[in-house]
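Observations on the model geometry
Each chain, written out:
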Amino acid sequence: MALITVENLKKRFNLEAGFFAAAGRYVYAVNGVSFSIAEHETYGLVGESGCGKTTTARMLVRFYESDAGSIRYRDGIDAAKLRGAALKRYRERVKYVFQDPARSLDPRMSVYEVLTSGYRWSSSWPGHSTARREAAAILEETGLSGEDLERRPAEFSGGQRQRISIARGLLMKPELLICDEVVSALDVSIQGQILNLLLDIKERRGLSFLFIAHDLKAASWFCDRIGVMYRGELVEEAAAEDLYLKARHPYTKLLFRAVSGGAAPVPEGGLQGGPEGGLRGEVKTALAEIPGCAFAERCPLAEERCRREKPEFRAAGPAAHRVRCFRAGE
Ligand SMILES: Nc1ncnc2c1ncn2[C@@H]1O[C@H](COP(=O)(O)OP(=O)(O)OP(=O)(O)O)[C@@H](O)[C@H]1O
Ligand code: SF4
Ligand SMILES: [Mg+2]
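What comes next concerns the included structure. (Residues numbered from 1 in each chain as written. Chains lettered and ligands numbered in written order. Predicted model: local features only at pLDDT ≥ 70, side-chain atom pairs only at ≥ 80, totals over all residues. Heavy atoms only, no water.)

What about the sheet that holds strand S1 (residues 2–14)?
Note on sheets: strands pair through backbone hydrogen bonds, and any given pair is parallel or antiparallel. Across the sheet, which stays open at both edges, the four strands sit in the order S2-S1-S4-S5 with antiparallel pairing between neighbours. A strand with exactly one partner marks an edge of an open sheet, and here the two such strands are strand S2 (26–38) and strand S5 (77–78). Relative to strand S4 (residues 68–73), S1 runs antiparallel, the two sharing five bridges. The residue bridging Glu-7 from the neighbouring strand is Ser-70, located in S4. Running at roughly 120° to S1, helix H1 (residues 53–60) makes contact with S1, S2 and S4 of the sheet. (Pairing = 2+ DSSP bridges. Helix = DSSP H or I, 4+ residues; strand = E, 2+ residues; numbered from the N terminus. Contact = heavy atoms within 4.5 Å. Axes fitted to C-alpha atoms, helices over the stretch in contact; angles between N-to-C directions.)

Some remarks on the environment of Cys-293
Residue position: Cys-293 is located in the loop between helix H10 (250–259) and helix H11 (304–308). Contacts of Cys-293, omitting those with residues within four sequence positions, involve Cys-306, Glu-309, Lys-310 and Pro-311.

Re the layout of surface pockets
Within this model, the second largest pocket holds a volume of roughly 430 Å³. Lining the second largest pocket are 20 residues; nearest its centre among them are Phe-63, Arg-91, Lys-95, Gly-118 and Met-172. Of all the elements in the fold, those that place two or more residues in the lining of the second largest pocket are helix H2 (84–93), strand S6 (94–97), helix H4 (111–116) and helix H6 (158–170). Counted by class, the lining of the second largest pocket contains eleven nonpolar, four polar and five charged residues. (1 Å grid on protein atoms, 1.4 Å probe; cavity = no way out; pocket = protein on both sides within 12 Å on 5 of 7 lines; lining within 4 Å. Points joined across faces, edges and corners; volume = space filled by probe spheres on them. Nonpolar A, V, L, I, M, F, W, Y, C, P; charged D, E, K, R; others polar.)

A closer look at the sheet that holds strand S12 (residues 322–323)
Read across the open sheet, the eight strands follow the order S6-S7-S8-S3-S9-S10-S12-S11; overall the sheet is mixed. Each edge of the open sheet is held by one strand with a lone partner, namely S6 and strand S11 (314–315). Sheet topology note: the strand S3 (residues 42–46)/strand S8 (residues 208–213) ladder contains five bridges and is parallel. Of the residues in S8, the one forming a bridge with Thr-42 is Phe-209. Running at roughly 150° to S8, H1 makes contact with S3, S6, strand S7 (176–180), S8 and strand S9 (225–230) of the sheet. Running at roughly 55° to S6, H2 makes contact with S6 and S7 of the sheet.

Digging into the nonpolar core
Counting residues in each nonpolar core, the largest one holds 63 residues, and the members touching the most others are Leu-115, Leu-149, Ile-164, Ile-166, Leu-198, Phe-211 and Ile-226. Excluding residues that lie within four positions of it along the chain, Ile-226 makes contacts with Tyr-43, Gly-44, Val-46, Leu-216, Ala-219, Ser-220, Glu-236, Glu-237, Ala-238, Ala-240 and Leu-243. Formed by 31 residues, the second largest nonpolar core is a distinct cluster that contains Val-30, Tyr-73, Ala-79 and Leu-82. (Core = buried A, V, L, I, M, F, W, Y, C linked by side-chain atoms within 4.5 Å. Buried < 20%, exposed > 50% of the residue type's maximum accessible area, 1.4 Å probe, protein only.)

A look at helix H7 (residues 188–205)
With 18 residues, H7 extends 26 Å between its outermost C-alpha atoms, agreeing within 8% with the 26 Å of an ideal straight helix rising 1.5 Å per residue. The inward-facing, buried residues of H7 abut S3, helix H5 (128–141), H6, S7, S8 and helix H8 (216–222). One or two residues past the end of H7 sits Gly-206, with phi positive at roughly 60°. (Expected span 1.5 Å × (residues − 1).)

Structure (C-alpha coordinates):
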(Lines give C-alpha, C1' and ligand atoms only; values in the text may rest on other atoms or scores of the structure.)
(Ligands and ions follow the chains in the order given, each with its own letter.)
Protein backbone atom coordinates (compact mmCIF):
# COMPACT_ATOMS: atom_id res chain seq x y z
CA MET A 1 0.00 0.00 0.00
CA ALA A 2 1.25 3.47 -0.86
CA LEU A 3 2.32 5.51 2.13
CA ILE A 4 2.73 8.71 0.15
CA THR A 5 1.83 9.59 -3.42
CA VAL A 6 3.08 12.75 -5.05
CA GLU A 7 1.39 13.93 -8.21
CA ASN A 8 2.50 16.60 -10.64
CA LEU A 9 4.40 18.58 -8.03
CA LYS A 10 5.75 21.93 -9.23
CA LYS A 11 7.86 24.68 -7.76
CA ARG A 12 9.52 27.70 -9.27
CA PHE A 13 11.55 30.37 -7.49
CA ASN A 14 11.88 34.01 -8.35
CA LEU A 15 15.24 34.53 -9.98
CA GLU A 16 17.20 37.13 -8.10
CA ALA A 17 20.30 38.07 -9.99
CA GLY A 18 21.58 40.82 -7.71
CA PHE A 19 21.65 44.24 -9.35
CA PHE A 20 19.80 42.97 -12.40
CA ALA A 21 17.08 41.21 -10.41
CA ALA A 22 14.27 40.78 -12.85
CA ALA A 23 10.64 40.44 -11.88
CA GLY A 24 8.88 37.64 -13.69
CA ARG A 25 12.01 35.53 -14.23
CA TYR A 26 12.09 32.20 -12.51
CA VAL A 27 14.15 29.17 -11.70
CA TYR A 28 11.98 26.18 -12.62
CA ALA A 29 13.19 23.89 -9.84
CA VAL A 30 10.54 21.13 -9.94
CA ASN A 31 8.41 20.65 -13.02
CA GLY A 32 5.65 18.12 -12.57
CA VAL A 33 7.14 15.33 -10.48
CA SER A 34 5.03 12.25 -9.64
CA PHE A 35 6.01 9.17 -7.65
CA SER A 36 4.82 7.12 -4.74
CA ILE A 37 6.51 5.34 -1.85
CA ALA A 38 5.04 2.15 -0.42
CA GLU A 39 5.05 1.18 3.24
CA HIS A 40 8.46 -0.19 4.24
CA GLU A 41 9.91 0.88 0.91
CA THR A 42 13.10 2.84 0.29
CA TYR A 43 12.68 5.13 -2.69
CA GLY A 44 15.70 6.92 -4.10
CA LEU A 45 15.60 10.30 -5.79
CA VAL A 46 18.78 10.67 -7.78
CA GLY A 47 20.25 13.33 -10.06
CA GLU A 48 22.93 15.97 -10.35
CA SER A 49 23.20 19.06 -8.20
CA GLY A 50 20.43 21.55 -8.92
CA CYS A 51 17.98 19.06 -10.46
CA GLY A 52 15.40 19.73 -7.74
CA LYS A 53 15.78 16.87 -5.25
CA THR A 54 15.89 19.00 -2.10
CA THR A 55 13.09 21.24 -3.34
CA THR A 56 10.92 18.17 -3.91
CA ALA A 57 11.71 16.86 -0.42
CA ARG A 58 11.04 20.24 1.16
CA MET A 59 7.63 20.37 -0.46
CA LEU A 60 6.89 16.92 0.97
CA VAL A 61 7.48 18.17 4.50
CA ARG A 62 5.88 21.55 3.69
CA PHE A 63 9.03 23.62 4.28
CA TYR A 64 8.20 24.92 0.82
CA GLU A 65 4.68 25.39 -0.46
CA SER A 66 4.18 23.75 -3.84
CA ASP A 67 2.91 25.82 -6.79
CA ALA A 68 0.87 22.89 -8.07
CA GLY A 69 0.27 19.21 -7.49
CA SER A 70 -0.82 17.04 -4.62
CA ILE A 71 0.81 15.02 -1.84
CA ARG A 72 -1.50 12.23 -0.75
CA TYR A 73 -0.61 10.64 2.54
CA ARG A 74 -1.93 7.20 3.45
CA ASP A 75 -5.61 7.96 3.99
CA GLY A 76 -5.92 10.25 1.03
CA ILE A 77 -5.48 13.61 2.71
CA ASP A 78 -3.72 16.10 0.47
CA ALA A 79 -0.82 17.11 2.70
CA ALA A 80 -0.23 20.14 0.49
CA LYS A 81 -3.44 21.60 1.89
CA LEU A 82 -3.13 20.70 5.57
CA ARG A 83 -3.21 23.47 8.15
CA GLY A 84 -2.94 23.81 11.92
CA ALA A 85 -3.07 20.70 14.08
CA ALA A 86 -3.43 18.36 11.09
CA LEU A 87 -0.26 19.78 9.53
CA LYS A 88 1.53 19.38 12.84
CA ARG A 89 0.50 15.72 13.03
CA TYR A 90 1.58 15.14 9.43
CA ARG A 91 4.98 16.66 10.19
CA GLU A 92 5.39 14.18 13.04
CA ARG A 93 4.88 11.29 10.63
CA VAL A 94 7.18 12.57 7.90
CA LYS A 95 10.62 13.65 9.06
CA TYR A 96 13.46 15.23 7.18
CA VAL A 97 17.16 14.67 7.87
CA PHE A 98 18.99 17.66 6.47
CA GLN A 99 21.66 17.68 3.83
CA ASP A 100 24.24 19.44 5.99
CA PRO A 101 24.46 18.39 9.67
CA ALA A 102 27.06 21.07 10.46
CA ARG A 103 24.56 23.78 9.62
CA SER A 104 21.36 22.14 10.78
CA LEU A 105 22.49 21.47 14.37
CA ASP A 106 22.44 24.64 16.45
CA PRO A 107 25.87 24.83 18.16
CA ARG A 108 24.44 26.67 21.20
CA MET A 109 22.09 23.80 22.06
CA SER A 110 22.89 20.61 23.93
CA VAL A 111 22.24 17.34 22.09
CA TYR A 112 19.15 16.87 24.26
CA GLU A 113 17.81 20.25 23.16
CA VAL A 114 18.64 19.52 19.52
CA LEU A 115 16.82 16.19 19.65
CA THR A 116 13.72 17.50 21.40
CA SER A 117 13.32 20.99 19.92
CA GLY A 118 10.50 19.90 17.58
CA TYR A 119 9.15 17.18 19.88
CA ARG A 120 8.56 19.67 22.70
CA TRP A 121 5.86 21.48 20.74
CA SER A 122 4.22 18.35 19.36
CA SER A 123 0.96 16.74 20.41
CA SER A 124 2.86 13.70 21.70
CA TRP A 125 5.30 15.51 24.05
CA PRO A 126 5.55 13.23 27.11
CA GLY A 127 7.34 15.65 29.49
CA HIS A 128 11.06 16.06 30.09
CA SER A 129 11.84 12.96 32.11
CA THR A 130 10.25 10.54 29.61
CA ALA A 131 11.64 12.53 26.66
CA ARG A 132 15.12 12.30 28.18
CA ARG A 133 14.81 8.52 28.45
CA GLU A 134 13.53 8.28 24.88
CA ALA A 135 16.28 10.58 23.58
CA ALA A 136 18.96 8.53 25.36
CA ALA A 137 17.54 5.33 23.84
CA ILE A 138 17.52 6.83 20.34
CA LEU A 139 21.11 7.99 20.73
CA GLU A 140 22.11 4.45 21.68
CA GLU A 141 20.19 3.09 18.71
CA THR A 142 22.13 5.38 16.40
CA GLY A 143 25.49 4.31 17.84
CA LEU A 144 26.09 7.10 20.37
CA SER A 145 25.68 7.06 24.13
CA GLY A 146 22.90 8.32 26.39
CA GLU A 147 25.57 10.31 28.19
CA ASP A 148 26.07 12.39 25.07
CA LEU A 149 22.79 14.22 25.71
CA GLU A 150 24.48 17.04 27.62
CA ARG A 151 27.27 17.59 25.11
CA ARG A 152 27.22 20.14 22.24
CA PRO A 153 27.14 19.17 18.55
CA ALA A 154 30.55 20.81 17.97
CA GLU A 155 32.17 18.19 20.21
CA PHE A 156 31.30 15.45 17.72
CA SER A 157 32.84 14.36 14.42
CA GLY A 158 30.95 14.77 11.11
CA GLY A 159 29.75 11.17 11.17
CA GLN A 160 28.60 11.46 14.78
CA ARG A 161 26.77 14.68 14.00
CA GLN A 162 24.95 12.91 11.20
CA ARG A 163 23.97 10.22 13.74
CA ILE A 164 22.54 12.98 15.93
CA SER A 165 20.55 14.31 12.94
CA ILE A 166 19.19 10.84 12.26
CA ALA A 167 18.33 10.42 15.97
CA ARG A 168 16.45 13.71 15.86
CA GLY A 169 14.53 12.49 12.80
CA LEU A 170 13.59 9.25 14.56
CA LEU A 171 12.62 10.55 17.98
CA MET A 172 8.98 11.12 17.14
CA LYS A 173 8.66 7.69 15.51
CA PRO A 174 7.93 8.84 11.98
CA GLU A 175 6.57 6.56 9.25
CA LEU A 176 8.63 8.19 6.51
CA LEU A 177 12.19 9.41 6.96
CA ILE A 178 13.55 11.68 4.25
CA CYS A 179 17.34 11.45 4.09
CA ASP A 180 18.76 14.25 1.97
CA GLU A 181 22.35 13.52 0.92
CA VAL A 182 23.03 12.24 4.42
CA VAL A 183 26.40 10.75 3.52
CA SER A 184 27.75 12.98 0.77
CA ALA A 185 29.59 15.38 3.11
CA LEU A 186 31.31 12.50 4.95
CA ASP A 187 34.57 10.61 4.37
CA VAL A 188 34.07 7.48 2.31
CA SER A 189 34.95 5.23 5.26
CA ILE A 190 32.24 6.88 7.37
CA GLN A 191 29.65 6.83 4.58
CA GLY A 192 29.40 3.03 4.74
CA GLN A 193 28.85 3.12 8.50
CA ILE A 194 25.99 5.60 8.19
CA LEU A 195 24.37 3.63 5.35
CA ASN A 196 24.61 0.46 7.45
CA LEU A 197 23.01 2.30 10.34
CA LEU A 198 20.13 3.36 8.11
CA LEU A 199 19.70 -0.22 6.89
CA ASP A 200 19.55 -1.45 10.50
CA ILE A 201 16.99 1.21 11.37
CA LYS A 202 14.95 0.31 8.33
CA GLU A 203 14.83 -3.34 9.30
CA ARG A 204 14.19 -2.72 12.96
CA ARG A 205 11.51 -0.09 12.55
CA GLY A 206 9.91 -1.02 9.23
CA LEU A 207 10.13 2.59 8.10
CA SER A 208 9.74 3.99 4.62
CA PHE A 209 12.59 6.11 3.31
CA LEU A 210 13.00 8.78 0.70
CA PHE A 211 16.72 8.60 0.04
CA ILE A 212 18.13 11.54 -1.88
CA ALA A 213 21.53 11.22 -3.49
CA HIS A 214 23.50 12.22 -6.53
CA ASP A 215 25.47 8.98 -6.44
CA LEU A 216 23.42 6.56 -8.49
CA LYS A 217 25.55 3.57 -7.53
CA ALA A 218 25.19 4.15 -3.78
CA ALA A 219 21.46 4.66 -4.27
CA SER A 220 21.19 1.44 -6.30
CA TRP A 221 22.76 -0.42 -3.40
CA PHE A 222 20.59 1.18 -0.73
CA CYS A 223 17.17 1.65 -2.35
CA ASP A 224 14.34 -0.63 -3.42
CA ARG A 225 13.22 1.68 -6.20
CA ILE A 226 14.78 4.73 -7.81
CA GLY A 227 13.54 7.79 -9.66
CA VAL A 228 16.12 9.64 -11.74
CA MET A 229 15.62 13.41 -11.95
CA TYR A 230 16.86 15.82 -14.55
CA ARG A 231 16.13 19.55 -14.58
CA GLY A 232 13.18 19.26 -12.26
CA GLU A 233 11.60 16.28 -14.02
CA LEU A 234 11.60 12.59 -13.31
CA VAL A 235 12.98 10.91 -16.44
CA GLU A 236 13.17 7.24 -15.43
CA GLU A 237 11.90 5.07 -12.60
CA ALA A 238 12.52 1.41 -11.85
CA ALA A 239 13.36 -1.17 -9.22
CA ALA A 240 16.95 -0.43 -8.18
CA GLU A 241 18.32 -3.70 -9.48
CA ASP A 242 16.51 -3.37 -12.76
CA LEU A 243 17.78 0.16 -13.22
CA TYR A 244 21.31 -0.93 -12.43
CA LEU A 245 21.19 -3.80 -14.90
CA LYS A 246 19.19 -2.13 -17.61
CA ALA A 247 18.96 1.65 -17.49
CA ARG A 248 16.93 2.89 -20.48
CA HIS A 249 17.11 6.65 -20.42
CA PRO A 250 20.21 8.20 -22.06
CA TYR A 251 20.68 10.40 -18.96
CA THR A 252 20.57 7.47 -16.53
CA LYS A 253 23.10 5.64 -18.71
CA LEU A 254 25.34 8.67 -18.60
CA LEU A 255 25.08 8.83 -14.82
CA PHE A 256 26.06 5.18 -14.48
CA ARG A 257 28.97 5.62 -16.89
CA ALA A 258 30.12 8.64 -14.91
CA VAL A 259 30.34 6.76 -11.61
CA SER A 260 32.21 3.88 -13.19
CA GLY A 261 34.84 6.30 -14.45
CA GLY A 262 33.57 6.79 -18.01
CA ALA A 263 32.01 9.96 -19.34
CA ALA A 264 31.98 13.10 -17.21
CA PRO A 265 28.46 13.73 -15.95
CA VAL A 266 28.70 17.46 -16.56
CA PRO A 267 30.38 18.90 -19.59
CA GLU A 268 32.88 21.66 -18.89
CA GLY A 269 31.05 24.94 -18.25
CA GLY A 270 27.84 23.28 -17.12
CA LEU A 271 24.68 22.85 -19.06
CA GLN A 272 23.29 26.28 -19.26
CA GLY A 273 25.59 28.01 -21.68
CA GLY A 274 23.78 29.49 -24.65
CA PRO A 275 20.06 29.86 -25.04
CA GLU A 276 19.17 29.99 -21.36
CA GLY A 277 21.25 32.98 -20.45
CA GLY A 278 24.85 31.81 -20.48
CA LEU A 279 25.07 30.79 -16.81
CA ARG A 280 28.27 28.87 -17.35
CA GLY A 281 29.19 26.69 -14.40
CA GLU A 282 25.89 27.35 -12.66
CA VAL A 283 23.52 24.70 -11.38
CA LYS A 284 21.72 22.61 -13.96
CA THR A 285 18.29 24.09 -13.60
CA ALA A 286 15.76 25.28 -16.15
CA LEU A 287 15.25 29.04 -16.42
CA ALA A 288 12.25 28.66 -18.67
CA GLU A 289 9.56 26.06 -19.11
CA ILE A 290 11.00 23.40 -21.35
CA PRO A 291 8.60 22.54 -24.19
CA GLY A 292 10.27 19.28 -25.16
CA CYS A 293 12.47 16.68 -23.49
CA ALA A 294 14.41 18.14 -20.55
CA PHE A 295 17.54 16.29 -21.68
CA ALA A 296 17.41 17.27 -25.36
CA GLU A 297 20.30 19.77 -25.28
CA ARG A 298 22.69 17.18 -24.02
CA CYS A 299 21.35 13.96 -25.45
CA PRO A 300 23.39 12.12 -28.07
CA LEU A 301 20.18 10.63 -29.51
CA ALA A 302 18.19 13.88 -29.69
CA GLU A 303 16.17 14.53 -32.81
CA GLU A 304 13.95 17.41 -33.88
CA ARG A 305 10.85 16.03 -32.18
CA CYS A 306 12.62 15.88 -28.80
CA ARG A 307 12.96 19.66 -28.69
CA ARG A 308 9.33 20.30 -29.57
CA GLU A 309 7.40 17.61 -27.78
CA LYS A 310 7.57 16.37 -24.20
CA PRO A 311 7.90 12.59 -23.94
CA GLU A 312 5.39 11.07 -21.53
CA PHE A 313 6.28 8.21 -19.24
CA ARG A 314 5.86 4.81 -20.79
CA ALA A 315 6.41 1.29 -19.55
CA ALA A 316 9.80 -0.18 -20.40
CA GLY A 317 10.54 -3.84 -19.81
CA PRO A 318 9.49 -5.33 -16.48
CA ALA A 319 6.48 -3.92 -14.67
CA ALA A 320 7.17 -0.73 -12.77
CA HIS A 321 10.05 0.28 -15.03
CA ARG A 322 9.03 3.50 -16.77
CA VAL A 323 10.94 5.93 -18.87
CA ARG A 324 10.40 9.31 -20.50
CA CYS A 325 12.21 9.11 -23.79
CA PHE A 326 10.97 8.75 -27.37
CA ARG A 327 13.90 6.55 -28.29
CA ALA A 328 14.45 4.51 -25.12
CA GLY A 329 13.49 1.22 -26.73
CA GLU A 330 15.86 1.55 -29.70
N1 LIG B 1 14.93 28.92 -1.68
C2 LIG B 1 15.32 29.01 -2.94
N3 LIG B 1 15.29 30.18 -3.61
C4 LIG B 1 15.67 30.29 -4.89
N5 LIG B 1 16.12 29.24 -5.63
C6 LIG B 1 16.19 28.05 -5.02
C7 LIG B 1 15.80 27.86 -3.66
N8 LIG B 1 15.98 26.56 -3.33
C9 LIG B 1 16.45 25.96 -4.44
N10 LIG B 1 16.58 26.86 -5.45
C11 LIG B 1 17.06 26.57 -6.81
O12 LIG B 1 16.27 25.50 -7.31
C13 LIG B 1 17.08 24.60 -8.06
C14 LIG B 1 16.96 23.22 -7.48
O15 LIG B 1 17.63 23.21 -6.23
P16 LIG B 1 17.65 21.96 -5.25
O17 LIG B 1 18.33 22.41 -4.02
O18 LIG B 1 16.29 21.41 -5.13
O19 LIG B 1 18.56 20.94 -6.06
P20 LIG B 1 19.23 19.58 -5.58
O21 LIG B 1 18.90 18.56 -6.61
O22 LIG B 1 18.84 19.30 -4.16
O23 LIG B 1 20.79 19.91 -5.67
P24 LIG B 1 21.99 19.45 -4.70
O25 LIG B 1 22.37 18.06 -5.18
O26 LIG B 1 23.06 20.45 -4.99
O27 LIG B 1 21.52 19.49 -3.29
C28 LIG B 1 18.48 25.17 -8.01
O29 LIG B 1 18.70 25.93 -9.18
C30 LIG B 1 18.47 26.06 -6.80
O31 LIG B 1 19.40 27.12 -6.95
S1 SF4 C 1 13.38 12.05 -25.78
FE2 SF4 C 1 14.97 12.52 -27.27
S3 SF4 C 1 16.31 14.03 -26.28
FE4 SF4 C 1 15.06 13.10 -24.71
S5 SF4 C 1 16.32 11.50 -23.89
FE6 SF4 C 1 15.03 10.57 -25.47
S7 SF4 C 1 16.21 10.69 -27.38
FE8 SF4 C 1 17.17 12.04 -25.88
MG1 LIG D 1 19.89 19.11 -2.41
